[in-house]
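# Coordinate analysis (summary)
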Amino acid sequence: MTIALSARDLRLSFGARKALDGLSLEAESGRVTALLGPNGAGKTTFIRCATALLTPESGELSVFGHAPGSNEARNLVGLMPQATGAWAAVTPSRLLGYLSRLYADPQPVDGMMALLDIDEFAGTPYRRLSGGQQQAVNLAGALIGRPALVFLDEPTAGLDPRARKTTWDLIRRVRDAGVAVLLTTHNMQEAEELSDHVAIVHKGRVRAHGRVGDLTRDTGSLEEAFLFHTEETS
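Residues numbered from 1 in each chain as written. Predicted model: local features only at pLDDT ≥ 70, side-chain atom pairs only at ≥ 80, totals over all residues. Heavy atoms only, no water.

Under an unreviewed UniProt entry, the name given to the protein is ABC-2 type transport system ATP-binding protein, and the organism recorded is Tessaracoccus oleiagri.

## Regarding the nonpolar core
Core analysis: the biggest nonpolar cluster contains 44 residues, and Ile118, Leu152 and Val181 have the highest contact counts within it. Looking at which element gives the most residues to this core, the answer is helix α5 (residues 131-143), with six residues. If we ignore the near neighbours within four places in the chain, the residues touching Leu152 are Met80, Leu139, Ala142, Ile171, Val181, Leu182, Leu183 and Thr184. Judged by nonpolar contacts, the second largest core, of 26 residues, contains Ala4, Leu5, Ala41 and Ala180. (Core = buried A, V, L, I, M, F, W, Y, C linked by side-chain atoms within 4.5 Å. Buried < 20%, exposed > 50% of the residue type's maximum accessible area, 1.4 Å probe, protein only. Helix = DSSP H or I, 4+ residues; strand = E, 2+ residues; numbered from the N terminus. Contact = heavy atoms within 4.5 Å.)

## Observations regarding the packing of helix α3 (residues 92-100) against α5
Packing of α3 against α5 leaves a shortest axis separation of 9 Å and a crossing angle of 15°. For the element pair α3 / α5, the angle class is roughly parallel. Between α3 and α5 the crossing geometry is right-handed. Here α3 contributes Pro92, Leu95, Leu96 and Leu99 to the contact with α5, which in turn contributes Val137, Ala140 and Gly141. Tallied by class, residues from the contact of α3 with α5 come to six nonpolar, one polar and no charged. (Axes fitted to C-alpha atoms, helices over the stretch in contact; angles between N-to-C directions. Parallel < 35°, antiparallel > 145°, perpendicular 65-115°, else oblique. Left-handed = near helix turned anticlockwise from the far one by under 90°. Nonpolar A, V, L, I, M, F, W, Y, C, P; charged D, E, K, R; others polar.)

## Some words on unusual backbone geometry
One non-glycine residue with positive phi stands out, namely Phe64, at about 50°. Its location among the elements puts Phe64 in the loop between β4 (58-63) and α2 (71-74). Accessibility expressed as a relative area gives 23% for Phe64, which makes it partly exposed. With a phi close to 50°, Lys203 is a non-glycine residue in the positive phi region. Position of Lys203 among the secondary structure elements: in the loop between β8 (197-202) and β9 (205-210).

Structure follows, in structure tokens:
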């Protein structure tokens, strides 16, 4: 498998707080890698480093062998953030049209909007959309450029069951097309359903990783594995 994302011993602090404390991780093409961890564990900070929104103080980080934020890496990456306040006044149709023009071979905007049921609110300013509607637009924005590596930060937060299923099906299709998918989630069922590899992050480092079956062999469930590896004494 192609290594899409490689992180080695990443460290980053905000004042006295260690956001990343020796985090190491790999994500492969054609695989879904799920990051699990409590709030503040470092998951979003790691994604921001991998997309050049933050710079680690030390360690090694590469996207298909390129530095995050470089022209080579930027053209290969899609990002679905948790929040996009900068999009507040823009309508989904205009936003996706703008994003599509940033790429040489984008997904058709109309097709992407139809796939995620965005058509019915395509002309509504982003700030007036429900949380689930905003999530659909965020996901479309992450995928519009046909990325080889896509970061999905809580992709189904706030979605109803039908929209969640649609999103899961789309993530599977993206993975099956050979894309490396790295997602964060607090939904253990989502991690079990989608992930080929799971990394449990706590206090800025990966405490355990492997296939779901590997992590649940001794604990019986992914939730119990999560609780075990995120104990405050670990």
